[in-house]
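What follows is the residue order along each chain.
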Amino acid sequence: MDKLLVSGGRPLVGEARISGAKNAALPIMCAALLTEQALKLDNVPRLMDVRTMAKILALMGVEVGSQDDGRLELRAREIKDPTAGYELVKTMRAAVLVLGPLLARCGRAKVSLPGGCGIGARPVDQHIKGLQAMGAKIDIEHGYMNAIAKRLKGTRIVMDVVTVTGTENLMLAATLAEGATLLENAAREPEVVDLAHCLTAMGARIQGAGTDTIRVEGVRSLSGAQHRVMPDRIETGTYLAAVAAAGGKVRLSGAAPDTVGATVEKLVEAGARVALGADSIEIEMEARPRAVSLTTAPYPGFATDMQAQCMALDSIAAGTGTITETIFENRFMHALELQRLGADISIQGNTAVVKGVERLQGAKVMATDLRASASLVVAGLVAQGETLIDRIYHLDRGYEGLEKKLSALGARIARVR
Ligand code: UD1
């Protein structure tokens, strides 16, 4: 199995291009289920999760074009089998996003329950509850959600927790429902907005995406459309954190600076100089970072998906930072691996207290989830000697060409067997 070998100690210098956002591409691919016509996408990242979603759609009978230079065409002329099986859903929880659109288009769906994952329980009760409020009948049998509905009916849904994919699933379903759906306490993440843009281009009537109240006026049918997937704000944040930790000067192009505010604020607090352009970000870091404290929160708060990378930064910062995780109950797995590199971290409940050390030392470590893997790369870039990161299939789920992009910035990083 592939591993990543990182030799630390070099600053990062140059330019890197940001890829399309995984977390926007996945729900947008599911929008293809809502129409017989072709959905033509641009800026789709080449990632394992995108391939998994393509496989799930293809098994339902969706025509999936080959991914060429960021372009991907999907056409659900006919949905032969509205099923998403356990083998694929268990590798990628976002697969549950097919549930809403399948119900809306076919009136039935069979989707495996995703189960737990490394970072916590991650239930889908809000997805189910919302669809039931719209008139769906959903039975859980043998680990599957069996859902049927005549035509979904618009209604007012107040979500108990802010859930990103939950909001997206219900928004997808509501586009073809009878009447208006009001989603309250909706997620405000930029990926929800990008999905709304794509659906609107397909003929959906959506207002309020990006606020906590989204109104969807159902229509009879949707058409094909062309849509460019937004830039990946977590990939952007990861490179920014890497530069803040390793030092150097980097320009990130093809980015969406207005979506990374909370991360940039923390990196500036750590001592980085950051300049935002229209679609680019420049970061420069000369000195040792200062420790920062942060608490994760739904957007526009500090993203839970950036928490691990900032813990790596705090590990080598001057001073002590506290990191509080409020979204997932078990998202500190990376702390144990960072400790193997010499980090001084103590966990108290959902807070990690990170005392910066002068230097980390390279060691063998294991990636436990996608963003944890990214934090180990950031740490490896500053650690003395070699860091060997095992289980990097996690990284391949969410970072396009990570080692290529970092090598081009001067890092010593290679994929080894
Ligand atoms: C999405 C992102 C993921 C990110 C997360 C939080 C995608 C594909 N993935 O995941 O990268 O880390 O948002 O920003 O976009 N919850 C419930 N019931 C539900 C649904 C969620 O209790 O039905 C809880 C979860 O357990 C968690 C919180 O709500 O504590 C937020 O989860 P959610 O926003 O749903 O995360 P995802 O959409 O799965």
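Residues numbered from 1 in each chain as written. Predicted model: local features only at pLDDT ≥ 70, side-chain atom pairs only at ≥ 80, totals over all residues. Heavy atoms only, no water.

**Q** Give me the lowdown on the overall build of the protein, citing residues and values where you can.
**A** When you go through the protein residue by residue, the secondary structure sums to 14 helices and 24 strands. For the protein, the C-alpha radius of gyration of 21 Å lies close to 22 Å, the compact-globule estimate for 417 residues. Oriented by its inertia axes, the alpha-carbon framework of the protein measures out at about 65 × 45 × 40 Å. Taken over 417 residues, the protein has a buried fraction of 57%. Within the protein, contacts between residues separated by at least 24 positions form 73% of all contacts whose residues are at least 6 apart in sequence. When the accessible area of the protein is evaluated, it comes to approximately 16,300 Å², of which 48% is carbon and sulfur surface. Taking the 49 positively charged and 46 negatively charged side chains of the protein as two groups, their mean positions are separated by 3 Å. (Helix = DSSP H or I, 4+ residues; strand = E, 2+ residues; numbered from the N terminus. Rg over C-alpha atoms; globule rule 2.2 N^0.38 Å. Buried < 20%, exposed > 50% of the residue type's maximum accessible area, 1.4 Å probe, protein only. Contact = heavy atoms within 4.5 Å. Areas by Shrake-Rupley, 256 points an atom, 1.4 Å probe, with all protein chains shown as cover. Lys, Arg positive; Asp, Glu negative; His and termini not counted. Charge placed at Lys NZ, Arg CZ, Asp CG, Glu CD.)

**Q** Quick rundown of the sheet that holds strand β14 (residues 225-228)? Include the residues and the values.
**A** Sheets are built from strands that pair by backbone hydrogen bonding, the pairs being arranged parallel or antiparallel. In space, the 4 strands of this open sheet follow the order β4-β5-β3-β14, with mixed pairing throughout. Sheet topology places β4 (63-64) and β14 at the edges, where each strand pairs with a single neighbour. Two elements, β4 and strand β5 (residues 72-75), share 2 bridges in a ladder whose sense is antiparallel. Residue Val 64 lies in a different strand from β5, and its bridge partner there is Leu 74. Against the sheet, helix α1 (residues 22-31) touches β3 (38-42), β5 and β14, its axis set at about 165 degrees to β3. Here helix α7 (residues 190-201) sits on the sheet in contact with β3 and β14, set at roughly 160 degrees to β14. (Pairing = 2+ DSSP bridges. Axes fitted to C-alpha atoms, helices over the stretch in contact; angles between N-to-C directions.)

**Q** I'd like a description of the environment of Val 13, backed by residues and values.
**A** In this structure, Val 13 sits in strand β2 (residues 12-17). Expressed as a C-alpha distance, the spacing of Val 13 and Ile 283, which sit 270 residues apart in the sequence, is 9.8 Å. Beyond its immediate chain neighbours, meaning those up to four positions away, Val 13 contacts Gly 248, Lys 249, Val 250, Ala 408 and Leu 409.

**Q** Lay out the sheet that holds strand β20 (residues 344-348) with the relevant residues and their values.
**A** Sheet architecture is open: 4 strands sit in the order β18-β19-β21-β20, paired in mixed fashion. Both outer strands of the open sheet, β18 (294-295) and β20, are each paired with one neighbouring strand and no more. Here strand β19 (residues 320-324) runs beside strand β21 (residues 351-355); their pairing, made up of 5 bridges, is antiparallel. Bridging across to β21, Thr 322 finds its partner in Val 353.

**Q** Kindly report on the layout of surface pockets, identifying the contributing residues and their values.
**A** Space inside the second largest pocket adds up to approximately 250 Å³. Lining the second largest pocket are 14 residues; nearest its centre among them are Arg 17, Asn 43, Asp 69, Gly 70 and Glu 400. (1 Å grid on protein atoms, 1.4 Å probe; cavity = no way out; pocket = protein on both sides within 12 Å on 5 of 7 lines; lining within 4 Å. Points joined across faces, edges and corners; volume = space filled by probe spheres on them.)

**Q** Give me the lowdown on the site of the ligand, citing residues and values where you can.
**A** Around the ligand lies a shell of 18 residues, among which Asp 125, Thr 163, Thr 165, Asp 305 and Ile 327 are the nearest. At 2.7 Å from a nitrogen atom of the ligand is found a side-chain nitrogen or oxygen belonging to Asp 125. Between an oxygen atom of the ligand and a main-chain N or O atom of Val 164, the distance comes to 2.8 Å. If the ligand stood free it would expose 740 Å²; the protein chains cover 85% of that surface. Those elements that place two or more of their residues in the shell around the ligand are α5 (125-133) and α6 (164-174). (Near = heavy atom within 4 Å. Polar contact = N/O pair within 3.5 Å; in protein donor to acceptor, adjacent residues only side chain to side chain.)

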